[in-house]
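Structural characterization, general
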Amino acid sequence: MTRDISAEEFRRTVGMFATGVTVVTTNVDGELHAMTANAFASVSLDPLLVLVCVDRDAGMHGLLPVAQGFAVTILASEQEELSAWFASSRRPRGQDQFEGVDWDPAPLTGNPLICDGVAYVDCRVTERHEGGDHSIFLGEVVDLGVLRSDADPLLYYGGRYRRLVADTD
Ligand SMILES: Cc1cc2nc3c(=O)[nH]c(=O)nc-3n(C[C@H](O)[C@H](O)[C@H](O)COP(=O)(O)O)c2cc1C
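Please read these numbers as outputs of a predicted model, since none were measured by experiment.

Some thoughts on the pattern of salt bridges
Under the defined criterion, the tally for this structure stands at seven salt bridges. Two residues, R3 and E9, come together in a salt bridge whose shortest N-O distance is 2.9 Å. When its relative accessible area of 54% is taken as the criterion, R3 is described as exposed. Relative accessible area serves as the criterion here: at 22%, E9 is assigned to the partly exposed category. Note that R148 is salt-bridged to E78, the shortest N-O span being 2.9 Å. Residue R148 is located in the loop between β10 (134-146) and β11 (155-157), and its partner E78 is located in the loop between β6 (69-74) and α3 (80-85); the two are separated by 70 residues in the primary sequence. Judged by relative accessible area, which is 23%, R148 ranks as partly exposed. Via salt bridges that share partners, R56, R128 and E130 belong to a single interconnected network.

Written as structure tokens, this is what we have:
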């Protein structure tokens with residue numbers, strides 16, 4: 001038996017799971033693309049695997065199967081505008097969406113890494129699993145690093161951006 005559950009109730013409930021915010025990028029023969037994602041998780045230590053869930057309607061969804069891989073930059077607290085930009089349907093496609101955005105190519109793959117993020121993971125796509133209206137892309141980690149161990153992450157909770165509050169003790 002399954003209770004009749006609306007998309008709104010589902011979103012509101014799973015939105016109580018606090019996450020960080022990432023920008024997932026890829027580079028298909030020099031065609032760059034980026035999108036904001038919080039459905040990111042670490043999966044396995046041996047081998048080193050992470051996952052990202054991508055909407056079947058997203059431009060990224062068509063690119064990842066042909067891409068060599070993807071990079072994930074974990075955003076810092078002051079990067080809310082970048083998160084909104086890479087989630088916006090009004091941004092241009094390709095290289096133009098990076099206009100005014102500071103980024104560096106990942107050393108091994110050339111996937112864009114967003115400058116001033118707190119950390120990055122660079123991956124080779126190894127598997128894709130269907131997950132309803134999303135696909136789950138598994139990536140084997142080829143490189144990673146903490147970029148700013150002193151910076152706070154950007155958080156997403158209850159459908160809003162949040163920030164860490166300093167510990168009082
Ligand atoms: C905080 C936040 C988290 C998001 N997380 C995801 C996600 O995990 N997967 C996804 O497919 N879309 C996610 N989105 C929506 C995409 O960023 C958005 O649809 C984007 O325009 C897709 O880009 P594309 O179609 O150009 O690839 C998120 C948006 C926001 C604001």
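Digging into the side chain of Q97
Locating Q97 in the fold gives a position in the loop between α3 and β7 (103-105). On the accessibility criterion, Q97 (0% relative accessible area) is buried. Within the structure, Q97 has its side chain in polar contact with the backbone nitrogen of A34 (distance 3.5 Å). Among the polar contacts listed, one links the side chain of Q97 to the side chain of R91, at a separation of 3.0 Å.

Regarding the nonpolar core
Ranked by internal contacts, the top residues of the largest apolar core, which has 14 residues, are V24, V52, V54 and F70. The greatest single-element share of this core, amounting to three residues, is contributed by strand β5 (residues 49-55). Judged by nonpolar contacts, the second largest core, of 11 residues, contains L32, A34, F86 and I114.

What counts as what
- Residues numbered from 1 in each chain as written.
- Predicted model: local features only at pLDDT ≥ 70, side-chain atom pairs only at ≥ 80, totals over all residues.
- Heavy atoms only, no water.
- Salt bridge = Lys/Arg side-chain N within 4 Å of Asp/Glu carboxyl O.
- Buried < 20%, exposed > 50% of the residue type's maximum accessible area, 1.4 Å probe, protein only.
- Helix = DSSP H or I, 4+ residues; strand = E, 2+ residues; numbered from the N terminus.
- Polar contact = N/O pair within 3.5 Å; in protein donor to acceptor, adjacent residues only side chain to side chain.
- Core = buried A, V, L, I, M, F, W, Y, C linked by side-chain atoms within 4.5 Å.

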